[in-house]
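Letter by letter, the chains look like this.
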Amino acid sequence: MTKLSPKLTQKFAWGFAWTTGVIAVLVMLLIVGYVLVQGLPVINSDFLFSSPEGGLAGEGGIFSCIVSTLWLIVITMAILIPLGLGAAIYLAEYAPDNRFTHFIRYCVELLAGVPSIVFGLFGFAVFVLALHLNYSILAGALTLACLLLPFLVRSAEEAMKAVPYSQREAALALGATRWQATIHVVIPAALPGIVTGIILCVGGVVAESACLYVTMGGSAGMPTSLLSGGRTLAVHVFYLAMETNALDKAMATGAVLIVIIVIINLITRWFSHYLQARMKGETSHGI
Amino acid sequence: MSRYFVDRISRRLALCFGTVAFLILIFIAVFILKGSLPALGEIGVADILFSTEWYPSHGAFGIFTMFAGSVVVTILALAIAVPLAVGCAIFLAEVAPCRIGNMARPAIELLVGIPSVVYGLVGMIVLCPAIAHLSGTGSGSSVLAAAIVLAIMVLPTITSISEDSLRAVPTLYKEGALALGATHWQAVYHVLLPAARRGIVAAVVLGTGRAIGETMAMVMVIGNSPILPTSIFAPARTLTGNIASEIGAATGMHESTLFVTGLVLFVLIMAINSVGLLLNRRKK
């Protein structure tokens, strides 16, 4: 085999790298574009504001699914935010640098890798059966809070760690307790990063399906309380695709999901730019 | 209440919150194990793990078929995703001009956020008919469709961890190679890639964990029939799909075997991710 000249090899290699990059971006554009092009024309006020009627033709809209999703977001966040922030405060502010802390951090990482359906099975065993919550929004929210916990902990801890240590020292030197320093200095400074993490978790609630499918049931009715079952938009897409012929409505619901996810992505991107800009500002002016 | 008292209380409270992740992990293990015990005791570990007969209504509960389904789909998906992802990582870290990289990166990262069911739906509507056309038989719901969908889903994970580890290699290494007269590609191939090898392997391992755990998209495009996959055009079922599609209607021993399915999945993923995290950690 004759050896290619290094320059030619580099041309081939760069060609391959460009091709893969272009493929990855194209795939994203094609998926998003296809769902939006197919789905958006089906969406009208009737589709958004009427509830699914069931049946093989998938009549009706997605109103009760939107309501279920909103309920789920609120309840999940109500459980997740105190838990996640508490854990992040511990890891960023209180935890000594020892084996126990390393172990806890390792657990957070491991938890982040546990598949959604395993969380679903856990939620099914604990919340649905053992705690008699049945298929309900509350059971789904509890399960989802467990699933999203490691992601919130990670981003909140990172945000708090990014706050310069000198700011804590300044607060402590003024006589503040550790807790006062955390609440009045670290958290306000880390807020944009924490909010970004929370918004990403909202995206997680919207996108998640497997663990909700087995803990919230599939009832498409309007939720009346925390203990009534519900069907989120993502789970609705699954039902429409698998059990009805209404693939166009599944696409439309998918388009709604994509729009939400893209908006969430843009917001977090804008937030992190803002954050970077502010950080740069801080280094030149003090606070 | 004195502020020192508040400080002491909050310190304790923070510690309690800090251990939540650990507790959840333990609870998951305990409850899934507890759910599995009836089946493990009555049917036996070997009969569940190594039997290919899954007929819950006739009392046959072998999950080997689903295990094979998960493994085959994951391997195929990685075979597609890894070259693409490593290519993308090199592209983003070394090749792309800054401005193009900064546009391509968020575009690729958006793939992480797209809901699983949307992948499944697009797979059902676009990919499956194309595969049916290609193979000439069936509906196109197949191992191949599942592998392609899965490859796209793990691509951003592998890409971003690989890019990070390429960027973590000290610039001096590359500059040294370039100063010795290497072309840019020779520097990447002989210096950067070996130096970042550990991180790239970690990326692939963590991507594998993600792939094995994927559920809804798999149910939608793989056909979800519990038969051993004999060709890439044949339908199959994954461990995850087995749980999702049957847990709602299962009772007694059937339900317990689904917990065993979950246990197998849990142990598998714990092992895979432990390796991945360890590899990713020591690099730093």
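Residues numbered from 1 in each chain as written. Chains lettered and ligands numbered in written order. Predicted model: local features only at pLDDT ≥ 70, side-chain atom pairs only at ≥ 80, totals over all residues. Heavy atoms only, no water.

Draft legend 1. Structural detail: the overall build of chain B. Check the secondary structure of chain B and you find 13 helices and two strands. Taking the principal axes of the C-alpha coordinates as reference, chain B spans close to 75 × 70 × 30 Å. Looking at the 284 residues of chain B, the share that counts as buried comes to 55%. Counted over contacts in chain B with a minimum sequence separation of 6, partners at least 24 positions apart contribute 71%. Here chain B has roughly 12000 Å² of accessible surface; of this, 67% comes from carbon and sulfur atoms. (Helix = DSSP H or I, 4+ residues; strand = E, 2+ residues; numbered from the N terminus. Buried < 20%, exposed > 50% of the residue type's maximum accessible area, 1.4 Å probe, protein only. Contact = heavy atoms within 4.5 Å. Areas by Shrake-Rupley, 256 points an atom, 1.4 Å probe, with all protein chains shown as cover.)

Draft legend 2. Region of the structure containing the overall build of chain A. Secondary structure assignment for chain A yields eleven helices and zero strands. Counting helices and strands in the order they occur from the N terminus, chain A gives α-α-α-α-α-α-α-α-α-α-α. Per-residue burial over chain A gives 53% buried out of 287 residues. Put simply, 73% of the contacts in chain A that link residues at least 6 apart link residues at least 24 apart. Of the side-chain charges in chain A, 14 are positive and 13 negative, and the distance between the mean point of each set is 15 Å. (Lys, Arg positive; Asp, Glu negative; His and termini not counted. Charge placed at Lys NZ, Arg CZ, Asp CG, Glu CD.)

Draft legend 3. Structural view of the confidence of the model for chain A. Looking at chain A as a whole, its pLDDT mean stands at 90, while 96% of the residues score no less than 70. Of all secondary-structure elements in chain A, the lowest mean pLDDT belongs to helix α11 (residues 247-285) of chain A, at 83, while helix α6 (residues 137-161) of chain A reaches the highest, 95. (pLDDT = per-residue confidence, 0-100.)

Draft legend 4. The arrangement of the packing of aromatic side chains in detail. For the structure shown, the criterion picks out 17 aromatic pairs over all chains. Centroid distance W270(A) to F271(A): 5.6 Å. Interplanar angle 85°. Geometry classified as edge-to-face. Consider the rings of W54(B) and F61(B), whose centres lie 5.9 Å apart with planes at 70°: the pair is edge-to-face. The two residues W54(B) and F61(B) agree in class, both being buried. In this structure an aromatic cluster arises from ring pairing among F122(A), F127(A), F27(B) and F31(B). We note R231(A) situated over the ring of Y239(A); from NZ or CZ to the ring centre the distance is 4.1 Å. (Phe/Tyr/Trp six-rings, centres within 6.5 Å; stacked < 30°, edge-to-face > 60°. Lys NZ or Arg CZ within 6 Å of the ring centre and 35° of its normal.)

Draft legend 5. Structural view of the nonpolar core. Within the largest apolar cluster, 188 residues are counted, with the highest numbers of intra-cluster contacts made by F119(A), M160(A), I194(A), I28(B) and Y119(B). At 15 residues, helix α7 (residues 143-168) of chain B tops the list of elements feeding residues into this core. If we skip the residues at most four places from it in the chain, I194(A) touches L85(A), A156(A), A159(A), M160(A) and I187(A). (Core = buried A, V, L, I, M, F, W, Y, C linked by side-chain atoms within 4.5 Å.)

Draft legend 6. Focus on a nonpolar patch on the surface. A cluster of nonpolar side chains, W18(A), V22(A), L26(A), L29(A), I100(B) and M103(B), forms an exposed patch at the surface whose accessible area comes to about 540 Å². Elements represented by at least two residues in the nonpolar patch include exactly α1 (6-39) of chain A together with α5 (98-113) of chain B. The biggest single contributor to the nonpolar patch is α1(A), with four residues. With respect to the helices and strands, L26(A) occurs in helix α1. (Patch = residues over 30% accessible without salt bridge, like charges linked within 9 Å, V, L, I, M, F, W, Y side chains within 5 Å. Salt bridge = Lys/Arg side-chain N within 4 Å of Asp/Glu carboxyl O.)

Draft legend 7. Looking closely at helix α10 (residues 197-213) of chain B. Here α10(B) contains 17 residues, and its C-alpha end-to-end distance of 25 Å stays within 8% of the 24 Å for a straight helix at 1.5 Å per residue. Of all 17 residues making up α10(B), twelve are buried, and the element is well covered by its neighbours. (Expected span 1.5 Å × (residues − 1).)

Draft legend 8. Layout of the side chain of T240(B). Following the sequence through the fold, T240(B) ends up in helix α12 (residues 239-246). Engagement of the side chain of T240(B) in a polar contact is seen with the backbone oxygen of E214(B), the distance being 2.9 Å. Residues in contact with T240(B), not counting those within four places in the same chain, are I117(A), I212(B), G213(B), E214(B), T215(B) and L265(B). (Polar contact = N/O pair within 3.5 Å; in protein donor to acceptor, adjacent residues only side chain to side chain.)

Draft legend 9. Highlighting the interface of chain B and chain A. Every contact between the two is made by 77 residues of chain B and, on the other side, 75 residues of chain A. In this assembly, chain B packs against chain A so that about 6800 Å² is buried in total across both faces, 83% of it on carbon and sulfur atoms. Considering only the side of chain B, the residues that lose the most area to chain A are L110(B), W185(B) and M216(B), jointly responsible for 9% of the buried surface there. Here chain B and chain A share one salt bridge between them. In this structure, E109(B) and R269(A) form a salt bridge, with 3.6 Å as the shortest nitrogen-oxygen distance. Counting across the chain B and chain A interface gives eight residue pairs in polar contact (both at pLDDT 80 or more). Broken down by element, the residue count for the side of chain B that touches chain A peaks at 13 residues, all from helix α13 (residues 252-282) of chain B. (Buried area = accessible area lost by both parts, 1.4 Å probe.)

Draft legend 10. Region of interest: the packing of α1(A) against helix α9 (residues 184-195) of chain B. It is at 8 Å that the axes of α1(A) and α9(B) come closest, and there the two elements cross at 75°. Taken together, α1(A) and α9(B) sit at an angle that is classed as roughly perpendicular. Contacts between α1(A) and α9(B) involve P6(A), T9(A), Q10(A), A13(A) and W14(A) on the former and, on the latter, H184(B), W185(B), Q186(B) and V188(B). (Axes fitted to C-alpha atoms, helices over the stretch in contact; angles between N-to-C directions. Parallel < 35°, antiparallel > 145°, perpendicular 65-115°, else oblique.)

Draft legend 11. Here's a closer look at the environment of K34(B). Relative to the assigned elements, K34(B) resides in helix α2 (residues 20-42). Placed 226 residues apart in sequence, K34(B) and V260(B) show a C-alpha to C-alpha distance of 9.6 Å.

Draft legend 12. Fine view of the packing of helix α7 (residues 165-173) of chain A against helix α8 (residues 178-207) of chain A. All names here are of chain A. At a minimum axis separation of 9 Å, α7 and α8 run at an interaxial angle of 140°. Compared by their axis directions, α7 and α8 come out oblique. When the axes of α7 and α8 are compared, the crossing they make is right-handed. Across the interface between the two elements, Y165, Q167, R168, A171 and L172 of α7 pack against R178, A181, V185, V186 and A189 of α8. Taken together, the residues of the contact of α7 with α8 sort by class into seven nonpolar, one polar and two charged. (Left-handed = near helix turned anticlockwise from the far one by under 90°. Nonpolar A, V, L, I, M, F, W, Y, C, P; charged D, E, K, R; others polar.)

Draft legend 13. Structural context of the pattern of salt bridges. Counted by the stated rule, this structure contains eleven salt bridges over all chains. Taking the shortest distance from any N to any O, the salt bridge between R168(A) and E93(A) comes out at 2.8 Å. A residue pair is termed long-range when its members are at least 10 positions apart, and R168(A) in helix α7 and E93(A) in helix α3 (residues 63-94) qualify at 75 residues. In this pair, the class of R168(A) matches that of E93(A), namely buried. The residue E94(B) makes a salt bridge to K174(B) at a minimum N-O spacing of 2.9 Å. With E94(B) in helix α4 (residues 64-95) and K174(B) in helix α8 (residues 171-179), this pair connects stretches of sequence that are 80 residues apart. A single burial state applies to E94(B) and to K174(B), both of which are buried. Taken together, the salt bridges that share partners define one network made up of E93(A), R168(A) and R178(A).

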